[in-house]
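# Survey of secondary and tertiary structure
Spelled out from the first residue to the last, the chains are:
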Amino acid sequence: MTALSEPKSKSILDSFNETRSRTLELVKTLESDDFVVQTAYFMSPPKWHLGHVSWLYEVVLSKLNTDYEFYSKEFSEYLNSYYRQFGEPHDKGKRGIMSRPTVEQVFEYFQTVNQLVTNFLKKNPISNKADQLFTMGLHHECQHQELLVYDLQHLLAEEYRPVKKNLPPTHSKVEPESVAVGGGLYTMGYHGDGFCYDIELPEHKVFLNDYRIDAFPVTNGQYLSFIEDGGYDDFKYWLSDGWDAVKKNNWHSPMYWKKENERWIVQDFLGTRKINPNQPVCHVSFYEADAYCRWAGKRLPSEAEWEKAACWNEEKMKKTIFPWGNEYPSEKNANLLESYLWNTSEIGSYPDSQSSYGCYQMIGDVWEWTSSEYVGYPGFKSGFSEYNDKWFTNQKVLRGGSFGTPQMSIRGSYRNFFRLDERWLFSGFRCAQDA
Ligand SMILES: [Fe+2]
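Predicted model, so just to flag it, every value in this text is computed and none were measured. (Residues numbered from 1 in each chain as written. Predicted model: local features only at pLDDT ≥ 70, side-chain atom pairs only at ≥ 80, totals over all residues. Heavy atoms only, no water.)

Those protein atoms acting as donors to the iron ion are H52 (NE2), H140 (NE2) and H144 (NE2), and they sit at 2.1 to 2.2 Å. In primary-sequence terms, the residues that donate to the iron ion follow H-x87-H-x3-H. Linking H52 in helix α2 (residues 46-64) with H144 in helix α5 (residues 128-156), this pair joins segments that are 92 residues apart in sequence. (Donors = N, O, S within 2.8 Å, 3.2 Å for Na, K, Ca; no water. Helix = DSSP H or I, 4+ residues; strand = E, 2+ residues; numbered from the N terminus.)

Following this line, the structure appears as structure tokens:
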């Protein structure tokens, strides 16, 4: 395969500058008080994200130069998320009670790290190892940009003033339908010569039975039917742990929904408003996705089923990096961060997103829950200590990216993972069925 998921002409330094600018752009309109607040244990203050993504480049520098001295011991302690190789990390739930380092100090640190990395990357030529580690650092920063967007919605919702905001694309009326995919052996995993994480490798064969998969993600309108049919009131749709979560958390709807005067409304970046039935449902946990499927007489796809429906072209007998081919995502085929819609787009908004089997909007809009456990593929080899593989337990895989995912960081083979009761991410799903 010759096509890359990113334009090859772009140097690491160019990508670094772009990525750092996008981080700053996301926080440009915040008030200074906004940077410090942590509104829930699962979110982090914007100040922490700015510092943490910078600190990870210091980690990269330390891996490339054993004599490297970190900027500050105190900063390292506060900004280390979970890497025990660098000492005991600061308590995640207490990131918002720290007034030091100050916001100003974190910005100064951000710029200092920019300078250190720029100086390093200007030394020519850089080694393969440096190239790989800095690229990983960029993709890590992209992950935090998305987490920051989740946090900004939780902190500010419609009070957040994005620097860029576009109108949603026009959409054509479409019927939620499913498409048939033939079974057999499928080789899953990343196939290309761009960047991917260790957990997307090695490519390996899986056997699939014939199946059907929805052409679109499940919509708010479809999910509302589940709610109105008493979906949250009947244990028979739920896994035992899921039913416990419903009771314990008093769930009656997706996160950010509430009922006012007998009407369901949602509160997010676009304001407080009526539920739009044509948008993909968002902010549901694995348990809710699974219960909906059971109610609908369907099931979640496995990640192999999801990936084959997204990336395999039966006629050409080849796998592509994206559903539409190997062309890097743009606003014309996916609702990702740089679309700057700040919400999901209605189904039928991206005719160019079509996979060869006829599935749409698999990249962007919402992360899609799959039935698959998050574990290493057969033959897995860890590429970066403590990054991905120490989480191989009690999580499910999600695929496809969301409207908060930067374009450069998503692929058909990308595996996201969350615990089964988490729903603060932009998470939805599509259903599958046995053929
Ligand atoms: Fe991180």
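Spatial ordering of the open sheet is given by β1-β4-β14, a layout of three strands whose pairing is antiparallel. If you trace the sheet from one side to the other, it starts and ends with β1 (178-181) and β14 (432-434), each paired once. With strand direction ignored, the average angle separating the axes of adjacent strands in the sheet is 25 degrees. Where helix α9 (residues 303-311) meets the sheet, it contacts β1, β4 (211-214) and β14, and its direction lies at approximately 75 degrees from that of β4. (Pairing = 2+ DSSP bridges. Axes fitted to C-alpha atoms, helices over the stretch in contact; angles between N-to-C directions. Contact = heavy atoms within 4.5 Å.)

Moving on to the packing of helix α1 (residues 12-27) against helix α4 (residues 103-122). When two helices pack together, their arrangement is captured by the angle between the axes and the distance separating the axes. Contact geometry for α1 and α4: axes closest at 10 Å, N-to-C directions at 170 degrees. Judged on the interaxial angle alone, α4 and α1 are roughly antiparallel. Across the interface between the two elements, I12, L13, F16, R20, T23, L24 and V27 from α1 touch F107, F110, Q111, V113, N114, V117, T118, L121 and K122 from α4. Here the contact of α1 with α4 is composed, by residue class, of ten nonpolar, four polar and two charged. (Parallel < 35°, antiparallel > 145°, perpendicular 65-115°, else oblique. Nonpolar A, V, L, I, M, F, W, Y, C, P; charged D, E, K, R; others polar.)

The subject of this paragraph is the packing of α4 against α5. The N-to-C vectors of α4 and α5 enclose an angle of 150 degrees; their axes lie 12 Å apart at closest approach. By the criterion of interaxial angle, the relationship of α4 to α5 is roughly antiparallel. As α4 runs across α5, the sense of the crossing is left-handed. For the pair α4 and α5, contact is made by F110, V117, F120 and L121 and by A130, F134 and E141, respectively. Each residue belonging to the contact of α4 with α5 can be placed in one class, and the counts come to six nonpolar, no polar and one charged. (Left-handed = near helix turned anticlockwise from the far one by under 90°.)

Our focus in this paragraph is the packing of aromatic side chains. Counted according to the given criterion, the structure contains 43 aromatic pairs. In this structure an aromatic cluster arises from ring pairing among Y223, F226, Y232, Y237, W238, W257, W264, Y292, W295 and F429. Seen from the ring of F110, R20 lies directly overhead, with NZ or CZ sitting 3.6 Å from the centre. The ring of W48 carries the charged tip of R95 above its face, separated from the ring centre by 3.6 Å. (Phe/Tyr/Trp six-rings, centres within 6.5 Å; stacked < 30°, edge-to-face > 60°. Lys NZ or Arg CZ within 6 Å of the ring centre and 35° of its normal.)

Okay, the confidence of the model for the protein next. On average, residues of the protein carry a pLDDT of 95, and 98% of them reach 70 or more. Low pLDDT, under 50, characterises residues 1-5; the predicted model gives this stretch 19 contacts beyond four residues in sequence or across chains. (pLDDT = per-residue confidence, 0-100.)

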